[in-house]
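# Structure assessment
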Amino acid sequence: MRTDWYKPVMAAAGASLRPETFNLAIRQGGPFYMPVDPVAYVQSLLPTFGAEDLAYLQQKGLGLGAAYTAALCGDVEVHGVPAGSWVGDREIILTVTGPSALVSYLEAQVIWLQFRIQVATLARRHPETLASRLGVATCEREKEIILEALEAAG
């Protein structure tokens, strides 16, 4: 329930259990500071769902089926740069490999890591601009993410 409908629909339309790999990189503006352990970060995003969630999806016209459900319960392999590393433009920060439906589900959330990376990078490279660039958060969760990234950046 933490992603938009695009990824579940695409995964349901394809081969849910087919192996897939997602690579995260940032195109320009580097170097970038990695504030989190990529394996732990991705593991924290793995879906947990029950019968109520499956019924909700079925009601919305997205019956998952056995293959999709098996894929969401599958395992992923994560590789990435260690927390505290610097990466350059277009350098792969992390890679997630696993069943297509699960990797598609994770991709939409892993992309959010870019904001943490940008905040941590700003803190490490240009701390004098933090107040002017991050002085107002749009919501409480954004504030929490900013503070977590700043703490990770030291």
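Residues numbered from 1 in each chain as written. Predicted model: local features only at pLDDT ≥ 70, side-chain atom pairs only at ≥ 80, totals over all residues. Heavy atoms only, no water.

What follows deals with the environment of valine 78. Mapping valine 78 onto the fold places it in strand S3 (residues 77-80). Here valine 78 falls in the buried class, since its relative accessible area comes to 11%. Valine 78 sits 56 residues away from phenylalanine 22 along the chain, and the two C-alpha atoms are 9.7 Å apart. Discounting chain neighbours no more than four positions away, the residues touching valine 78 are Pro38, Val39, Val42, Thr95 and Val96. (Helix = DSSP H or I, 4+ residues; strand = E, 2+ residues; numbered from the N terminus. Buried < 20%, exposed > 50% of the residue type's maximum accessible area, 1.4 Å probe, protein only. Contact = heavy atoms within 4.5 Å.)

Our focus in this paragraph is the nonpolar core. Ranked by size, the top nonpolar core spans 27 residues in total, and within it Met34, Val42, Leu94, Val96, Leu106, Val110 and Leu113 carry the most contacts. Every element with two or more residues in this core is listed here: strand S1 (19-25), helix H2 (38-45), helix H4 (65-72), strand S5 (92-99), helix H5 (100-110) and helix H6 (113-125). Beyond its immediate stretch of four places on either side in the chain, valine 110 contacts Phe22, Leu24, Tyr41, Val42, Leu45 and Leu94. Ala120, Leu122, Leu134 and Ala153 belong to the second-largest nonpolar core, a separate cluster that totals ten residues. (Core = buried A, V, L, I, M, F, W, Y, C linked by side-chain atoms within 4.5 Å.)

Taken in spatial order, the three strands of this open sheet run S1-S5-S3, and their pairing is antiparallel. Sheet topology places S1 and S3 at the edges, where each strand pairs with a single neighbour. Between one strand axis and the next, the sheet turns through 10° on average, direction left out of account. Against the sheet, H2 contacts S3 and S5, and its axis sits at roughly 145° relative to S3. (Pairing = 2+ DSSP bridges. Axes fitted to C-alpha atoms, helices over the stretch in contact; angles between N-to-C directions.)

Okay, the pairing of S5 next. Within S5, six of the eight residues are buried, which leaves it mostly tucked inside the rest of the structure. Direction of pairing for S1 relative to S5: antiparallel, over a ladder of seven bridges. Along S5, the bridge assignment pairs threonine 21 with threonine 97. Two elements, S3 and S5, share four bridges in a ladder whose sense is antiparallel. From the neighbouring strand, histidine 79 faces S5, where its bridge partner is threonine 95.

Going through the model one piece at a time under the given rule, you end up with one aromatic pair. Between tyrosine 33 and tryptophan 86, the ring centres sit 5.3 Å apart and the planes meet at 65°, which makes this aromatic pair edge-to-face. Of the two residues, tyrosine 33 sits in strand S2 (residues 32-33) while tryptophan 86 sits in strand S4 (residues 86-87), which places them 53 residues apart along the sequence. The exposure class assigned to tyrosine 33 is buried, which follows from its relative accessible area of 8%. (Phe/Tyr/Trp six-rings, centres within 6.5 Å; stacked < 30°, edge-to-face > 60°.)

Relative orientation of the contacting elements H2 and H5 amounts to 115°, with a least axis distance of 10 Å. By the angle between their axes, H2 is roughly perpendicular relative to H5. Crossing hand, H2 versus H5: right-handed. Taking contact as the criterion, the partners of Tyr41, Val42 and Leu45 in H2 are, on H5, Tyr105, Leu106, Gln109 and Val110. Looking at the contact of H2 with H5 residue by residue, the classes come out as six nonpolar, one polar and no charged. (Parallel < 35°, antiparallel > 145°, perpendicular 65-115°, else oblique. Left-handed = near helix turned anticlockwise from the far one by under 90°. Nonpolar A, V, L, I, M, F, W, Y, C, P; charged D, E, K, R; others polar.)

Two residues of an α-helix separated by three or four positions point the same way, owing to the 3.6 residues in each turn. Under the 1.5 Å per step criterion, the end-to-end length of H6 is 18 Å for 13 residues, consistent within 8% with the ideal 18 Å. For H6, the set of buried residues is Leu113, Arg116, Ile117, Val119, Ala120, Thr121, Leu122 and Ala123. (Expected span 1.5 Å × (residues − 1).)

Fair warning: the whole summary comes from geometry, so function is off the table for now.
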